[in-house]
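Structural characterization, general
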Amino acid sequence: MPCTEPASSSPIVDGATVYHARGVVTLDPVMPYAEAFAVRDGRLVAVGALADVVATVPAGTATQELDGIVLPGLIDAHLHMQRAGLKALDYLSADDDVEAFIVAMRDSFDDDGPEHPPFADRVRALERVQPLLHSLGFTGVIDPAVTPEEMRGYRAAHARGLLTMRTLAMPYLELGSAAVPDVDAAIARLDGVGLGTGFGDEMLRLGPIKVYADGEALAGQALLEQPWDDGEYHGLQRIGTADYERLVAWCATHGWGVGSHAVGGAAVRMVVGAAERAGADLSDLRFQVIHGYLELSAETIRRAAEIGIIASVQPSIIWHNGAGLRRRLGERAETANPVRSWLDAGACVAFGSDGPYFAFDPRHLMWQAVTRRVAGEARPLAVSEAIDMDEALAAYTTGAAHAALAERERGALRPGYRADWALWSADPTAVPLDQVRDLTVSRTEVGGRTVYRKDDHR
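What comes next concerns the included structure. (Residues numbered from 1 in each chain as written. Predicted model: local features only at pLDDT ≥ 70, side-chain atom pairs only at ≥ 80, totals over all residues. Heavy atoms only, no water.)

1. Notes on the overall build of the protein chain
Test applied: Note on conventions: DSSP H or I runs of at least 4 residues are helices, E runs of at least 2 residues are strands, and numbering of each starts at the N terminus. What the globule rule says is 2.2 Å times the number of residues to the power 0.38, and the radius of gyration is computed from C-alpha atoms. Burial classes follow relative accessibility: with a 1.4 Å probe on protein chains only, a residue under 20% of its type's maximum area counts as buried, one over 50% as exposed, and anything between as partly exposed. It only takes one pair of heavy atoms within 4.5 Å for two residues to be counted as in contact. Methods summary: accessible areas were calculated by the Shrake-Rupley approach with a probe of 1.4 Å, and residue burial reflects only the protein chains presented. Residues scored as charged are limited to Lys and Arg (positive) and Asp and Glu (negative), so that His and the chain ends carry no count. All charge positions are set by atom: Lys at NZ, Arg at CZ, Asp at CG, Glu at CD.
Counting its regular elements, the protein chain contains 14 helices and 16 strands. In terms of C-alpha radius of gyration, the protein chain reaches 21 Å, essentially the compact-globule figure of 23 Å for 458 residues. For the protein chain, the spread of C-alpha atoms along the three principal axes comes to 75 × 50 × 45 Å. Counting every position in the protein chain, which comprises 458 residues, the buried fraction comes to 58%. Taking as baseline every contact in the protein chain between residues at least 6 positions apart, the subset at least 24 positions apart corresponds to 76%. For the protein chain, the accessible area works out to roughly 17800 Å², and carbon and sulfur atoms hold 49% of it. Each charge class in the protein chain can be summarised by its mean position, and for the 42 positive and 63 negative side chains these summaries are 2 Å apart.

Structure, rendered in structure tokens:
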């Protein structure tokens, strides 16, 4: 399933601004690198060599010189942004920057944040966290489990003009709770709202719903094809197969995608089988396998890719859990997080972090996906599942844009696309690998609006 779509050029008229950088990494296969681009009304209207871009705009059009390398705005395909903001309110002072935020979230890993915050804090949380994420080059997120209260927080921020991060919100129905005890209740709730995946605008849009097929790997809950040990325990199945298939079938025919937390190979096989049996075209609904990292068969991965299921994977989880999985499963853990296999099968891979609970710095996570290193150990996981830096960057841009229902507007720098970009100190695909984690972002724009400038956040 390709993660990009062609775009056509827009006519150039008065009112454009030309930007000239040391280099522009476009993620557009037609023109991978450029020198300059022009923006009008929040969209790119020309990309290419400086002389060619200047020739397309009226004489006297303003030109800005950018001291750095421009990349498309990154999209974290799995970030609990509102929860991250609530934790930022608890752990950061007003002057703390993103480096302090990274450390604070790492050191408070076991703190889920306030359970029932005042509603006003939800908007304050978004105001606090968005600039921090923009300073890492992010212009979009997919929040993978949005409760009704969180949705109200996003809507309020958007209505007040405070939402600067393009957000795809995945509704979380809390299946199995008192309010939504079973699949019938979930279907009734979805049917009652009269909406579906894709509803919204360019700043806030509904994504697929979120459900859980299995549990956490380090807790021994991932649903595996083989037993976890010498016994008969294969893991935790959090929803029965028949119920899951019924929910997926209903969603597929009523305009809802489904994002399924499925860590183990048996859980992923169930997810893929249900999608196949639904018999609907999944490409517009953005069905996702979320995590999908432990003992997946090549056949399951191939089938998932064939029907357009997105692999929403998080290098952060393997960085954090790799050593523990090795202790628990030995050699069985070596191919954990099989990104290479997902890509080779033709799947659209979208990188996320599961932040703020896991590491969310994209510099570190791209490095991890290439090196396969895990926290606390010098020996990497099996390098047969390693990818290169170009592929890692694509997973944060074109791949994540596809997952965000935005592959025709974001994830690349090409005429007609939204002017979402960040100014980096260097191109992560061109510097030595050990330097990637030291790169910096000095400016980030969303739709032609400056949402972060380093000089303003000292």
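2. Section: a nonpolar patch on the surface
Rule in force here: Residues qualify for a patch when their relative accessible area is over 30% and they have no salt bridge, like charges being joined within 9 Å and the nonpolar side chains of Val, Leu, Ile, Met, Phe, Trp and Tyr within 5 Å. The salt bridge criterion pairs a side-chain nitrogen of Lys or Arg with a carboxyl oxygen of Asp or Glu, the two atoms within 4 Å.
A contiguous nonpolar patch, built from V193, L195 and F199 and spanning about 270 Å² of accessible area, is present on the exposed surface. Its place among the elements puts V193 in helix α6 (residues 183–193). Residue classification places V193 among the partly exposed positions, given a relative accessible area of 45%.

3. So, the environment of V349
Among the structural elements, V349 can be located in strand β13 (residues 349–351). Taking relative accessible area as the criterion, V349 reaches 5% and is therefore assigned buried. Taking C-alpha positions, V349 is 12 Å from P315, a pair spaced 34 residues apart along the chain. Those residues in contact with V349 that lie beyond four places of it in its chain are C3, A311, V313, V339, W342, L343, A395, G399 and A400.

4. Remarks on the pairing of strand β2 (residues 33–40)
Operational definition: Paired strands are those between which DSSP finds at least two bridges.
In terms of burial, β2 is a largely internal element, six of the eight residues being buried. Direction of pairing for strand β1 (residues 17–25) relative to β2: antiparallel, over a ladder of six bridges. What sits directly across from V18, in β2, is A38. As judged from the five bridges shared by β2 and strand β3 (residues 43–48), these two strands associate in the antiparallel manner.

5. Notes on the packing of helix α2 (residues 81–91) against helix α5 (residues 148–159)
Worth spelling out the cut-off: For helices, the fitted axis covers only the stretch in contact; all axes are lines through C-alpha atoms, and the angles between them, taken along N-to-C directions, range from 0 to 180 degrees. Note on angle classes: values under 35 degrees are labelled roughly parallel, values over 145 roughly antiparallel, values of 65 to 115 roughly perpendicular, and the remainder oblique. The classification used treats Ala, Val, Leu, Ile, Met, Phe, Trp, Tyr, Cys and Pro as nonpolar, Asp, Glu, Lys and Arg as charged, and all other residues, Gly among them, as polar.
The geometry of α2 relative to α5 is characterised by a closest axis approach of 10 Å and an angle of 80 degrees between their N-to-C directions. Of the possible angle classes, the one that applies to α2 and α5 is roughly perpendicular. Here α2 contributes M81, Q82 and R83 to the contact with α5, which in turn contributes E149, E150, G153 and Y154. For the contact of α2 with α5, the class distribution of residues is two nonpolar, two polar and three charged.

6. Things to note about the nonpolar core
Proteins that are soluble and globular tend to have nonpolar side chains buried together. Heads up, the rule is: Only buried Ala, Val, Leu, Ile, Met, Phe, Trp, Tyr and Cys residues count toward a nonpolar core, and they belong to the same one when joined by side-chain atoms within 4.5 Å.
F37, M81, W342 and F351 are the most contacted members of the largest nonpolar core, which totals 110 residues. Among the elements that take part in this core, helix α8 (residues 265–278) stands out by supplying nine residues, more than any other. Core analysis: the next-biggest nonpolar cluster, separate from the first, contains 17 residues, A217, A222, I318 and F358 among them.

7. Focus on the sheet that holds strand β4 (residues 63–72)
Ordered by their spatial adjacency, seven strands build an open sheet running β3-β2-β1-β4-β14-β15-β16, and the pairing between neighbours is mixed. In this open sheet, the two edge strands, each paired with only one partner strand, are β3 and β16 (449–453). Direction aside, the axes of adjacent strands within the sheet are offset by 35 degrees on average. Where strand β15 (residues 441–446) and β16 come together, four bridges link them in antiparallel fashion. Paired with T444 across the two strands is Y452, which belongs to β16.

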